[in-house]
Amino acid sequence: MSLGKKTISLFLVLGISLWAGSYAVLRTAVLPAFEQFEVDSTEQALVRVTRMLDEDLRALEIMNKEYAWWNETYSFVRGEADGARFKHDNLDPEYLHSVGINLLAIFDAKGEELYSWFGDLSDGSELPLREQLPFTLEPGHALIHHADPADSIGGILNVQSGLMQVVSYPILTTNGRGPIAGSLIVGQTLGASRLHNLQQRATV
């Protein structure tokens, strides 16, 4: 064998050996590190998204209590105020849509519906509430029944329009006292823009 061929053969053997050694190092040391990095990154992103959803839910709770813990609402539900005027002055669908609210419903202490509005995410046009919900809202349901003034419920529902964050509070006086007059539900749809925003915030 000529010197040139021997040299080429030597380089091929060395190259294969180096490739095999590099692959072994990548497989045993580097790749697991990257895999763990992906797992850690995903877990961190999930933690961030969960925290952000919790923050949004807290904001929704504040919005709910502005209506639920209010003498005006309390009087309306107990039949002590002009219902038509209360709805006209305080339950404007255009305003609700402008602040990102897609659902607002009011029930009395017996679980009877006094008012409900479910707005389309895009333009705020009204959608049938009963068709949107995956269950029937009836007396005794957790969303419209509160055992005591400190009771509340919140979370995510899978409604016809998509995922929605929902919060329900008992209707009390402005100073947070009972007896409980009814329940007030507020909801906010997790539309494409909000989900995209969550994704952007989670990857920062």
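Quick caveat, the model's predicted, so the values are computed rather than measured.

Moving on to the sheet that holds strand β4 (residues 162-171). Taken in spatial order, the five strands make up an open sheet running β2-β1-β5-β4-β3, and their pairing is antiparallel. Strands with a single pairing partner mark the edges of an open sheet, and in this sheet they are β2 (113-118) and β3 (153-159). The average angle at which neighbouring strand axes cross in this sheet is 20°, direction not considered. The pairing of strand β1 (residues 103-108) with strand β5 (residues 182-189) spans six bridges and is classified as antiparallel. Across the sheet, the residue bridging to F107 is S183, located in β5.

Our focus in this paragraph is the confidence of the model for the chain. In regions of low pLDDT, the predicted coordinates are not meant to be interpreted in detail. Per-residue pLDDT for the chain has a mean of 81; in total, 71% of the residues score no lower than 70. The least confident element of the chain is helix α1 (residues 3-68), whose mean pLDDT is 63; the most confident is helix α2 (residues 71-77), at 97. This model gives residues 3-19 a pLDDT under 50, and the stretch forms two contacts once residues within four places in sequence are excluded.

Evaluated as defined, the whole model comprises one cavity of 30 Å³ or more. Of the volumes computed, that of the largest cavity is approximately 30 Å³. Forming the boundary of the largest cavity are L103, A105, L129, L133, L137, L143, L157 and I185. Of the residues in the lining of the largest cavity, the class split is eight nonpolar, no polar and no charged.

What counts and how
Residues numbered from 1 in each chain as written. Predicted model: local features only at pLDDT ≥ 70, side-chain atom pairs only at ≥ 80, totals over all residues. Heavy atoms only, no water. Pairing = 2+ DSSP bridges. Helix = DSSP H or I, 4+ residues; strand = E, 2+ residues; numbered from the N terminus. Axes fitted to C-alpha atoms, helices over the stretch in contact; angles between N-to-C directions. pLDDT = per-residue confidence, 0-100. Contact = heavy atoms within 4.5 Å. 1 Å grid on protein atoms, 1.4 Å probe; cavity = no way out; pocket = protein on both sides within 12 Å on 5 of 7 lines; lining within 4 Å. Points joined across faces, edges and corners; volume = space filled by probe spheres on them. Nonpolar A, V, L, I, M, F, W, Y, C, P; charged D, E, K, R; others polar.

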